[in-house]
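# Architecture and fold: a report
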Amino acid sequence: MAKRGMLFVISGPAGAGKSEIVKTVLKKHPDVRLSVSCTTRAPRPGEVDGVSYHFVDDARFDELVKEDAFYEWAHVHQNRYGTLKSVVQKELEAGRDLILEIDVQGCLQVLEQDPSAVGIFVSPPSRENLEKRLRARGTESEESIRVRLNNVAGEVATAYKYHYVIIHQDWSDVPNALDIAADEVYSIITAKRCEEKNRKGFLDALSSELRA
Ligand code: 5GP
C-alpha cells in the first residue's frame, strides 16, 4: 500500500505572519501542498476563486456544514472558514504532505480529532512587535488593536497544545526572518518524513533485497 501523506496544521495569531511563511515554504518546496479552504468572506483584490479560497455564500456554507463536508470549520472575524474533507482525503491518499493554514480554533479541532496531525504554532517575538505589525496595516482603530492584543493572549495560551513553535522574528532585528521561519517549517516536515515509522516500508524492502 502506498504511504499516506502527512497533515501539518499551521496556526497562530493574526499578524504573526503565518500566511507569508506558508507562501515562502510553498515557493521553495513544490513537494508540499496547501489546502484551499472555503470562506464566506468577499474576495480581496487579486484573489482568485479556487486558488486563494473557494468563495461561497452563507447558504452554500450552511449546505456544506449539513452535508458534513468539512474536516473543520470556524467563525473568524465575522466570517466562516472551513477545510474540505474531500481535499484532505485526496491529497493524503495520494501520498502528498499537506499544509492547512487555519485559525487557532480550527487547528485545535484538527489536533483533537487526528492524533497524527502535526501542529505548528507561529508566534510573534513580542507584544511590541505584534502591536507594530497591527498598526502598520493602518486599518485598525486603537480600540480594535487593544481587542486583538487581548485575543492574542488567549491564542498564545493554546500554543502549549501544539507540537512545534516557530518564533517569527522582527524583520528590523533579523532581516531574513521570513526565510528562517520558512526553513524551520520545512525542517519539521523533513524530520517527520525521516521518522523511523515512515521509513519502515523502505527498510523492509531493503532488508529483503539484501537477504535475497
Ligand atoms: P483571511 O481572511 O485573512 O484570509 O484569513 C483570516 C483567518 O482565517 C486566518 O487566521 C486564516 O488562517 C484563517 N483561515 C483560513 N482558512 C481557514 C479554514 O479553512 N479554517 C479555519 N478554521 N480558519 C481558516
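The shown structure was predicted, so the numbers you read here are calculated from the model rather than taken from an experiment. (Residues numbered from 1 in each chain as written. Predicted model: local features only at pLDDT ≥ 70, side-chain atom pairs only at ≥ 80, totals over all residues. Heavy atoms only, no water.)

The next subject is helix α6 (residues 142-157). Here α6 spans 23 Å end to end across 16 residues, near enough to the 22 Å set by a 1.5 Å rise per residue. Against α5 (127-137) lie the buried residues of α6. (Helix = DSSP H or I, 4+ residues; strand = E, 2+ residues; numbered from the N terminus. Expected span 1.5 Å × (residues − 1). Contact = heavy atoms within 4.5 Å.)

Attention now moves to helix α4 (residues 104-113). Listed as buried for α4 are V104, G106, C107, L108, V110 and L111. Looking at the packing, one finds that the buried side of α4 touches β1 (7-11), β5 (70-76), β7 (97-101), β8 (118-123) and α6. (Buried < 20%, exposed > 50% of the residue type's maximum accessible area, 1.4 Å probe, protein only.)

Time to look at a nonpolar patch on the surface. On the surface, F202, L203, L206 and L210 cluster together into a nonpolar patch covering about 390 Å² of accessible area. For L206, the position within the fold is in helix α8 (residues 196-211). (Patch = residues over 30% accessible without salt bridge, like charges linked within 9 Å, V, L, I, M, F, W, Y side chains within 5 Å. Areas by Shrake-Rupley, 256 points an atom, 1.4 Å probe, with all protein chains shown as cover. Salt bridge = Lys/Arg side-chain N within 4 Å of Asp/Glu carboxyl O.)

By convention here, two paired aromatic rings are described through the distance between centres and the angle between planes. Overall, the coordinates contain 5 aromatic pairs when judged by the stated rule. When the ring of F61 is compared with that of W73, the centres are 5.7 Å apart and the planes differ by 75°; the resulting orientation is edge-to-face. With F61 in helix α2 (residues 58-66) and W73 in strand β5, the pair connects residues that are 12 residues apart, well separated along the chain. When its relative accessible area of 28% is taken as the criterion, W73 is described as partly exposed. Note on F121 and Y162: the rings are 5.1 Å apart at their centroids and 75° apart in plane angle, and the pair reads as edge-to-face. One end of the pair, F121, is in strand β8; the other, Y162, is in the loop between α6 and β9 (164-167), and 41 residues separate them in sequence. Comparing F121 with Y162, the two get one shared label, buried. Every member of this aromatic cluster is reached through a ring pair, and the members are Y53, F55 and Y81. (Phe/Tyr/Trp six-rings, centres within 6.5 Å; stacked < 30°, edge-to-face > 60°.)

In this section: the nonpolar core. Judged by nonpolar contacts, the single largest core of 19 residues is most densely connected at F8, I10, I99, I120, V185 and I189. Taken together, the elements giving at least two residues each to this core come down to β1, α1 (18-28), β8 and α7 (177-193). When residues in this core are grouped by element, the largest group, 6 residues, is from α7. Residues in contact with I10, not counting those within four places in the same chain, are K18, V22, I99, L100, E101, I102, I120, V122 and V185. If you look at the next biggest cluster of nonpolar residues, it comprises 17 residues, including L7, V9, L92 and Y162. (Core = buried A, V, L, I, M, F, W, Y, C linked by side-chain atoms within 4.5 Å.)

Taking strand neighbours across the sheet as the criterion, the 5 strands line up as β2-β7-β1-β8-β9 in an open arrangement whose pairing is parallel. Looking at which strands have only one partner, the edges of the open sheet turn out to be β2 (32-34) and β9. Strand-to-strand twist across the sheet, computed as the mean angle between neighbouring axes with direction ignored, equals 25°. Two elements, β1 and β7, share 4 bridges in a ladder whose sense is parallel. In the strand pairing of β7, V9 is matched with L100. Relative to β7, α1 is tilted by about 160°, and along the sheet it contacts β1, β2, β7 and β8. (Pairing = 2+ DSSP bridges. Axes fitted to C-alpha atoms, helices over the stretch in contact; angles between N-to-C directions.)

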